[in-house]
Number of protein chains: 2
Amino acid sequence: MKGDWGMSRFRLGVARVGERYDAIVVGAGPAGLTAALYLARYNVKTVVVSKDLGGNMAIAPLVDDYPGIPEVPGAKLADMFVNHVKKYGVPIIVGDPVTSVKREGDMWCIETESGRRICAYVVILAIGAEKRKLNVPGEDRFVGKGVSYCATCDGPLFKDKVVAVVGGGNSALTSALYLASIARKVYLIHRRDSFKAFPVYVEKVKSNPKIELVLNSIVTEILGDKKVTGIRVRNVDTGEERVIDVDGVFIEIGSEPPKDFLKSIGLELDEEGYIAVNPDMSTNLPGIFACGDVAGGKYAYRFEQIITAAAEGAIAADAAYKYLLKIRSAKTEESRG
Amino acid sequence: MKGDWGMSRFRLGVARVGERYDAIVVGAGPAGLTAALYLARYNVKTVVVSKDLGGNMAIAPLVDDYPGIPEVPGAKLADMFVNHVKKYGVPIIVGDPVTSVKREGDMWCIETESGRRICAYVVILAIGAEKRKLNVPGEDRFVGKGVSYCATCDGPLFKDKVVAVVGGGNSALTSALYLASIARKVYLIHRRDSFKAFPVYVEKVKSNPKIELVLNSIVTEILGDKKVTGIRVRNVDTGEERVIDVDGVFIEIGSEPPKDFLKSIGLELDEEGYIAVNPDMSTNLPGIFACGDVAGGKYAYRFEQIITAAAEGAIAADAAYKYLLKIRSAKTEESRG
């Protein structure tokens, strides 16, 4: 009895008319897939629509921080998530990015790049956030071969090696400190001569003998053959260029949520442009929930990990299920009245 | 360079003097084990102390809601978590419950039932909460053989079967509604004639033709042979007893955090006795973090799932790591002054 979730007498809108569901999950990273898994387990008629499969998880070279599954290639872990969702028969539409989310009557309707249109009472946004890139030669080529956007994830691979961290904020500095406890040496490359990180991190970075500061400098190229062997760095004051030999480059210059898209929906965003969610992952718009890297606000602990994204997906699904029970009840009243 | 975490010049208190660590994780369910995994990955010198291994996860007959690992016995999943932590060389002390947590100078010191004493700058409490039991004959015997304390977890095993739900709160009623979408019939047994759940759930339960209310009634015995076959129910008004044939019994009468123990530490608790945590899992006591089923308060979405407990453990570890960086910095200042 799919799409029934404990309410067998009144099934308004449950029957499939064109593409109509109870819930649409947008995004198929760990957050979206877990939301779909939980919704399916609650017998909520659900569809997943995504531009890709697995999100950032799928492109991680090696994941060792998803508890219970040590040292698994990200692509394999993504497959495991996808198969778990497929077991429950949830359709997953891939390669078709969602271009709009609009209120229509008592439903939310999405449109995709290919012109597909799907409506549902609930939309769970799990569309992630793009890591900011340096946009220099060699960067894309060496992702997973020395170039990383997550020290917490990939740091342990660089034991006793030499690495560079690029950035000047909290995540760059805590990454440098963490990597200094693993790697032999850490270069911290920052385009200014001061940091916007907490003073405590700045002090610790400056007093750590393993960390060498390379200030007023930008990376202009990532060098290597099969994997990273060095970086070309330019001093922005003098214009001087030099090559620093490194085994790895950690690019920690933040993430970029799709602000314009989120604003077009009418969502309340936090200062950095992430969706402001409540502890139950609900947003300012009734029926829209958010989870994973796109979720933020004062209640969210932004950590960008697979395990936290997945948990937020589970919470969003549970809250969405309760929301569906509530609106279904209101509909029942209407049909009685 | 264990116990260094990016601060190699000053190592006050890092050296092991007797049993001294940087962090103590109390509890070895999914929250505690994930906290330990993340702390170990941050090179924080960590020990896990627990009364048991795996927590409630280990006694679940079959887990199908931990994304990526379908249909796994709880005991096996617990092993997978434990092995992942052991890979990082974290010592796990099992079978020795913690009896006190006290501030001593700049550290927190725990004592265990066997008299062991361990001190650290950080304590992460992941001690879970006991599901409330009916305490009737047959209950313990049939756990995992028809008796369940989690409809979200075990519901899918009862497709087209007959089940009973015991309780009158939100979790009992949402469990009954959910199970009605899976099972053939659901008896809802409640000792009073009214419910303390949200009206929306009460309405839906009452209007669901698959749910039969058995009010003013208590379960006095769970019957069965190899697995549950029925329950003996007594009407508290008339004293009349009868047997209802069921394949499963879902006991949804809440959880019980160890309030007295938590109060003895000086922790701020929420109305139900769970530890009031901030979004980063910190508590009112600096250096003490809480995660998993024991954590509550207005920022926590209490869901009692493996995936959410694990995520909270990861967050607690990340926040604890940042806390350690900060206090280490303060110590550095002292030693300079």
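Higher on the page you've got the structure.
Report follows, based on the coordinates. (Residues numbered from 1 in each chain as written. Chains lettered and ligands numbered in written order. Predicted model: local features only at pLDDT ≥ 70, side-chain atom pairs only at ≥ 80, totals over all residues. Heavy atoms only, no water.)

The next thing to look at is unusual backbone geometry. Residues and elements named next belong to chain A. We note that Asn135 has phi near 55°; this positive angle belongs to a residue other than glycine. Within the secondary structure, Asn135 sits in the loop between β8 (130–131) and β9 (147–148). On the accessibility criterion, Asn135 (65% relative accessible area) is exposed. One non-glycine residue, Asn216, adopts positive backbone phi at about 50°. In this structure, Asn216 sits in the loop between β12 (211–214) and β13 (217–224). (Helix = DSSP H or I, 4+ residues; strand = E, 2+ residues; numbered from the N terminus. Buried < 20%, exposed > 50% of the residue type's maximum accessible area, 1.4 Å probe, protein only.)

Moving on: the pairing of strand β2 (residues 46–50) of chain B. Residues and elements named next belong to chain B. For β2, a buried count of five out of five residues is recorded, marking the element as mostly surrounded by other parts of the structure. Burial along β2 is two-sided: the face carrying Thr46, Val48 and Ser50 and the face carrying Val47 and Val49 are both buried. Bridge analysis of strand β1 (residues 23–26) against β2 gives four bridges, and the strand direction is parallel. Bridging from a neighbouring strand, Val26 pairs with Val49 of β2. As for the winding sense of the linkage, the β-α-β connection from β1 through helix α1 (residues 30–41) to β2 is right-handed. The pairing of β2 with strand β3 (residues 92–94) spans three bridges and is parallel. Across the sheet, residue Val49 finds its bridge partner in β3, namely Ile93. The handedness of the β2 to β3 crossover, carried by helix α2 (residues 74–87), is right-handed. (Pairing = 2+ DSSP bridges. Right-handed = clockwise from strand over helix to strand, strands pointing away.)

On their own, these measurements won't tell you what the molecule is for.
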